[in-house]
Amino acid sequence: MIGGLYAITRETDDSARLLSEVEAALRGGAAVVQYRDKSGDVARQHEQASELLALCRRHRVPLIINDSLRLADLVGADGVHLGSDDGGVREARIVLGADKIIGVSCYQSLDLAVAAQAAGADYVAFGSFFASATKPSAPRADITLLQHASRVLHLPIVAIGGITPDNAESLIETGADAIAVINALFEAADIEARARCFADFFIAETED
Ligand SMILES: Cc1ncc(COP(=O)(O)OP(=O)(O)O)c(N)n1
Ligand SMILES: Cc1ncsc1CCOP(=O)(O)O
Ligand SMILES: [Mg+2]
C-alpha cells in the first residue's frame, strides 16, 4: 500500500551523497522512495538505482523507478512510475508482473486517473499543487481534485509539487494518501528531521 512520505531523489552525480541523503530520509520515516534521474546517463542510473535498492531493502521500503520500465526491470526494483511519455500500464504489468508497483502521473486530470485505474495501476499521482522550483513547467492541479478523486477512485492517491511542511497537511486532509516531495525534503539542513516532520502528519491524520 502506497501511503505516507513518498521521497523522490534529487539528480546528482555524487552517488555517495545520494545514498546518504536517502538513508536520512528513511531513518526519518520515508515510506516510499523513488529514483528520479533525467541525466540520460545509463551507467550512473544503473549504479545509483542498484545501490538505492539495496538500501531500501535494508529499510523494508519500496523503491520505485521513475520513467524507465527497462531500468526498473533491470535492477529488480519494486516498481515504476509512468508519466504520459513513459509508456503504458498494461505493458509495464506484463514486464514487471503482478507483484510490482505501477504508479501513473495524472497531472490535473481525473479522467486520466480513472483510465489508469482501469488499466491496472497501483496508485495515481496528481499535481503540481503548488509552484515547484524542481519542475516550474508542471501543469497545476487544484486541491479540490483530491476531494473528487478520493470519492471516485479506489487506489492510493499521491500528491506532488511544491509540497512543504506548511502546505502538506492541507493535501492530506483533502484526500492525499501520500505526499511526494523532492526539494523541501532533500534541501533541508536536517533531512531526517524533515522526513519525520512529513511522516508525522500521517500519524496525526490517523489519530484525528
Ligand atoms: C509520484 C510522482 N508523480 C509525478 C512525477 C513526475 O514525473 P516526471 O517524470 O518528472 O514527469 P511525468 O513523466 O509525470 O510527466 C513523479 N516522478 N512521481
Ligand atoms: C516531478 C514533479 N512533477 C510534478 S511537480 C514535480 C516536482 C516535485 O518536486 P518538489 O517537491 O521539489 O516541488
Ligand atoms: Mg516521467
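Everything numeric here is computed off the predicted structure, so don't read it as measured data. (Residues numbered from 1 in each chain as written. Chains lettered and ligands numbered in written order. Predicted model: local features only at pLDDT ≥ 70, side-chain atom pairs only at ≥ 80, totals over all residues. Heavy atoms only, no water.)

Draft legend 1. Fine view of the packing of aromatic side chains. Enumeration over the complete set of coordinates arrives at 2 aromatic pairs. Measuring from centroid to centroid gives 5.8 Å for Tyr6 and Tyr123, while their planes differ by 70°, and the two rings are edge-to-face. Separated by 117 residues along the polypeptide, Tyr6 in strand E1 (residues 4-8) and Tyr123 in strand E6 (residues 123-126) bring together distant segments of the chain. Overall, Tyr6 belongs to the buried group, its relative accessible area being 1%. On the basis of relative accessible area, Tyr123 is assigned to the buried category, the value being 0%. Each ring, one from Phe198 and one from Phe201, has its centre 6.4 Å from the other, and the planes form 70°; the classification is edge-to-face. In this pair, Phe198 and Phe201 both sit in helix H9 (residues 191-207), 3 residues apart, roughly one turn of the helix. For Phe198, a relative accessible area of 0% translates into the label buried. (Phe/Tyr/Trp six-rings, centres within 6.5 Å; stacked < 30°, edge-to-face > 60°. Helix = DSSP H or I, 4+ residues; strand = E, 2+ residues; numbered from the N terminus. Buried < 20%, exposed > 50% of the residue type's maximum accessible area, 1.4 Å probe, protein only.)

Draft legend 2. Structural detail: the UniProt feature "binding site: 4-amino-2-methyl-5-(diphosphooxymethyl)pyrimidine" (unreviewed entry) in the protein. This chain's UniProt record puts "binding site: 4-amino-2-methyl-5-(diphosphooxymethyl)pyrimidine" (unreviewed entry) on Gln34, Tyr35, Arg36, Asp37, Lys38, Asn66, Ser105 and Lys135. Among the annotated residues just listed, those lining the largest pocket are Gln34, Arg36, Lys38, Asn66, Ser105 and Lys135. The topology assignment puts Lys38 in the loop between strand E2 (32-35) and helix H2 (42-58). Ignoring any residue separated from it by four or fewer positions in sequence, one finds Lys38 in contact with Glu11, Asn66 and Asp67. For Asn66, the position within the fold is in strand E3 (residues 63-66). Among the residues examined, Asn66 registers a relative accessible area of 9% and is labelled buried. (UniProt positions renumbered as here; feature names shortened; annotations may be inferred. 1 Å grid on protein atoms, 1.4 Å probe; cavity = no way out; pocket = protein on both sides within 12 Å on 5 of 7 lines; lining within 4 Å. Contact = heavy atoms within 4.5 Å.)

Draft legend 3. Representation of the coordination of the magnesium ion (ligand 3). Here the magnesium ion (ligand 3) is held by Asp67 (OD) and Asp86 (OD), and the distances to it run 2.0 to 2.3 Å. Note that Asp67 is positioned in the loop between E3 and helix H3 (69-75) and Asp86 in the loop between strand E4 (79-82) and helix H4 (89-96), a separation of 19 residues in sequence. (Donors = N, O, S within 2.8 Å, 3.2 Å for Na, K, Ca; no water.)

Draft legend 4. Representation of helix H5 (residues 110-119). Listing the buried residues of H5 in full gives Ala113, Ala116, Gln117 and Ala119. All buried residues of H5 lie within an arc of 165° about the axis, which places them on one face of the element. For H5, the exposed residues set more than 90 degrees away from the buried face come down to Asp111 and Ala118. Elements in contact with the buried residues of H5: H4, strand E5 (101-105), E6 and helix H6 (144-152). Regarding H5, its N-cap is Ser109, as a side-chain oxygen of that residue lies 3.3 Å from the backbone nitrogen of Asp111 further along. Looking one or two places after H5, you find Gly120, whose phi comes out positive at around 105°. (Arc of directions from axis to C-beta. Polar contact = N/O pair within 3.5 Å; in protein donor to acceptor, adjacent residues only side chain to side chain.)

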